[in-house]
Every structure is written in structure tokens, then in C-alpha cells.
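Given next are the chains, with one letter for each unit.
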Amino acid sequence: MSKVLLVDDEPRILLLLQSLLKTNGYEIETARDGASALAIVNKGGIDITVTDLRMAPMDGMQLFAEIKKVRPGMPVILLTAYASVETAIEAMKEGVFDYLTKPFKVDDILACLQRAEEKVKKHESLATTMNVDAPLKYRFENLIGSSPLMVQVCDMIQKVAPTAATVLINGESGTGKEVIARTIHRNSPRASKPWVAVNCAALPENLLESEMFGHVKGAFTGAYADKQGLFEAANGGTLFLDEISSMPLLLQGKLLRVLQEREIRRVGGTKDIPVDVRVIAASNANLEQAVVKGTFRSDLYYRFAVITIDIPPLRERKEDILALARHFIRFETPEGEPAPGLAPETAKVLMGYNWPGNVRELENAMKHALTFLSEGDITPDLLPPKITQHAAAVEETVATTDADMAGRSSLKSFLKQKEKEYIEHILVASGGDKAKAADTLKVNLSTLYRKLSDEPEKR
């Protein structure tokens, strides 16, 4: 069994935990303050640290930061009062292994320690099979882009991939959330194990529970045999839950239990089946707003939001557009044939478009262009009509503005006109969807309607 360091400034809590864990076979060291705890860690031999969050003069987070410097791979578990849960969540984002709220259940702390032990064993196994001094090499072959926003995303992936942390990926439709999730899996210790993906919005509500957890024979009409669920299919590997916001509330509660207990129960069954699955979830909806509306459980959200990766829309990283376009062209070009280039005017059109469908829309645009290309470079006329029509509308707007500029006597009037033209530009890019346009413009929908209906200023 592992050697556990218990840190708490309340002797009663220390005695209780020491007795409990010794009874379950753990070797225990104790400390009543951060400085003493750090001295014990520095001597070596400690596998896991369990520390109270609120201590003085060194609190649990400060102790974790010091431990991280000397033993970066050691799991640290925080004990916290319920009122400090948000602080604990932030701590997990910094690398704390897990947290338990006081008063805690015996089964909860034992289960948490078992997971920590698994991490210790995996860390030791990896250390014996690789040069720990060599820098880790990550291959992000499907992530194209050099914009600062994408560099941040890649940096997050590099840090989170080797861990067992649950990950939540946020982003609009078409931004490549599944690509990010697959990259995390392929660069994790679970890379050789199963990768299972499911779109929660694509399955009917009455089938989703059976698909997730499986069912036993006779559980419902049509259940003619036992069936393994997605969690069992992904055992040892990664389960990707796309569009998690569409999951029914009842099923959210069952999913929370699986994440906490690491076991599932098939529909109609009575036996709990242990599973070792890393869960990565994705959503194009704002889960914090869903929590406020009551359509998504707050406790499940905080369980998922240990690590969040926000994928920027393509309109916010225009530096990546041409690199992505060339990548898709090369990918679609038959092997051995030279890939066509982008004509300068085509590049200008691509850069001027707002890409409401994000990377997926850009990929489809390149496929469309290559389908109609006979020879030479890709010219604007080969792009989908929606994109070229947008480019023509922008050119017409610019020409009209230039022509009218001389007749404007008021700076306020000119700026108001430019604002209206920009709003119309965003509306075109949003396909006429005013709610989406308002979100892009970062204004209320009522503000957008008011600005669209404003009468021109009288001169």
C-alpha cells in the first residue's frame, strides 16, 4: 500500500484520518502545518499527500505549490469545507489531484486514494520505460495554426494529455472539438486503448442511457440479450461525449455517479461494474448559462470543468485561415500529384469572409473548389456561391462608402453609417440569424434591433 501524508491543523481530524487509513492498510505520516509537511516530503518516501485547505501560516494551496516544485508527480488531495468548493475547483485546474468536502464519507476518501494510487503506479511505470530527462514530444498533426490563440490551445493539450483529468472542450460548431479530443487521447498514456465517441444530441433520449451504460436481457421491450455500453467499450481508454449540454437531467445524475464512483450499472441490472475511463466532454452551448437555466446540473458541470479548453472561432484567428486552406487542399489532392495553389484574389476572399461554420465550412469550401478545378490555381469563382456573394457585397459596400464619403458633413453621421454597414456585414456572415449576429457583435438582441431600425441622422 502507498504511504500517505496527512496534513491538518486540527488534531481531532488528523487522529480520525490516521485511524481510518491505517485500518485500510495505508502507511501514515502526519503534520499539523505546511512547513512540517514540506520537510517530510523533502525527506522522501511519501506517495500521496492529503491536506486541509484552510491552514495558517501556509494554507493547502501554498503547500501544494511547494510540493509541486520538488515532487511534481505526487497526487495532492485537498480537504475543504463546502463553502470553499469553488476554490478547490480552481486548485484542480492548477494540478491538484482531487478534493473532498467536509464532512466526507469514508468510501469517498478511500475511492479517491485508490485513484491516486493508480496515478502513482502509472507514473512509476512510465518512468521505467522512458528517459524522464528527455522533453516529451507531442505530434499535433491535425491541429493547424500559428495564431496566439491556437498556440495557447496546443499548450493546454500538451499539459493535460498525460494526466487523467476530465476535460471540457468549449467551442462553436465546426471549430474542431473532436479533433482536439482525439489529440488529447493520442498523446496520453491511454493512446493504445479504445477511443469511443458519441454525439449525445444524435441519440433519442430513451436510447441514450442504454447506449451509455448497456442493458441486461429483458430490461425493456426489444432487449433480447445483454448489451455492453459505451463506458464498458471504452474501458482503459477515452470516452468522448459531444454535445453534452443536450443530455437529459436524469441521465446527467447517473453520469455524475459514474464519474465519482468509477463504476456503471446496466439498465435493468443490479450489479455494479467497475470501469477505468477518461471522459472528455464537448459543448457548443454555454454550460454556465445552462446551469443558471436549470437544464444542466451544477455538480456535473463542476466535475467536467476541472480542465476547460476554449476553442476560438475561425473569425478570431484569421492568421490560420490560409494555412488551414492549404492543409485541406493537400489532404484532398491524390498522392503523387502536385497540390494546386491559391490565387492571390482567392486568398483575399478567404481572409475577408467571416466563416460562421468555422473550420468545417473552410474544409467544405476547399472540397467544393477542388471538385470544379480543372487546372491551375484555385480562383474565386470555384468557391461556394455564398462566399463569393459575400465578397461581392463587401466590395459594393466599400465602393458605396467611398463614393458617399465626400458628401458627409458630420463625423457622427459617417461613424453611424459605418456601424450599420458592419452590422449588415455580420448579418450576412451569420446567414440572417439575428441572435447569432448579436452574439458575434457582443450586444443584446434588443440593441441590435434598435440599431437596425434607427433612422438616418438628419443633416
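None of these values were measured; they are calculated from a predicted model. (Residues numbered from 1 in each chain as written. Predicted model: local features only at pLDDT ≥ 70, side-chain atom pairs only at ≥ 80, totals over all residues. Heavy atoms only, no water.)

Novice: Describe the overall build of the chain, listing the residues and the values that go with them.
Specialist: Scanning the chain for helices and strands turns up 19 helices and 12 strands. Looking at the chain as a whole, 44% of its 459 residues qualify as buried. Within the chain, contacts between residues at least 6 apart in sequence are counted, and of these 68% link residues at least 24 apart. (Helix = DSSP H or I, 4+ residues; strand = E, 2+ residues; numbered from the N terminus. Buried < 20%, exposed > 50% of the residue type's maximum accessible area, 1.4 Å probe, protein only. Contact = heavy atoms within 4.5 Å.)

Novice: Please provide a residue-by-residue account of the nonpolar core, values included.
Specialist: In this structure, Leu5, Val167, Ile169, Ile180, Ile184 and Ile309 are the most contacted members of the largest nonpolar core, which totals 41 residues. With five residues, helix α6 (residues 148–160) is the largest single contributor of residues to this core. Those residues in contact with isoleucine 169, other than ones at most four positions away along the chain, are Lys177, Ile180, Ala181, Ile280, Ala281, Ala282, Ser283, Ile309 and Ile311. With 32 residues, the next largest nonpolar core counts Ile273, Val279, Phe296 and Tyr301 among its residues. (Core = buried A, V, L, I, M, F, W, Y, C linked by side-chain atoms within 4.5 Å.)

Novice: Pulling in residues and values, what's your account of the sheet that holds strand β7 (residues 195–199)?
Specialist: With respect to topology, five strands assemble into an open sheet ordered β7-β8-β11-β6-β12, the strand pairing being parallel. One side of each edge strand has no neighbouring strand; the edge strands of this open sheet are β7 and β12 (307–310). With direction set aside, neighbouring strand axes in the sheet form an average angle of 20 degrees. Here four bridges tie strand β6 (residues 167–170) to strand β11 (residues 278–283), and the two strands are oriented parallel to one another. What sits directly across from asparagine 170, in β11, is serine 283. (Pairing = 2+ DSSP bridges. Axes fitted to C-alpha atoms, helices over the stretch in contact; angles between N-to-C directions.)

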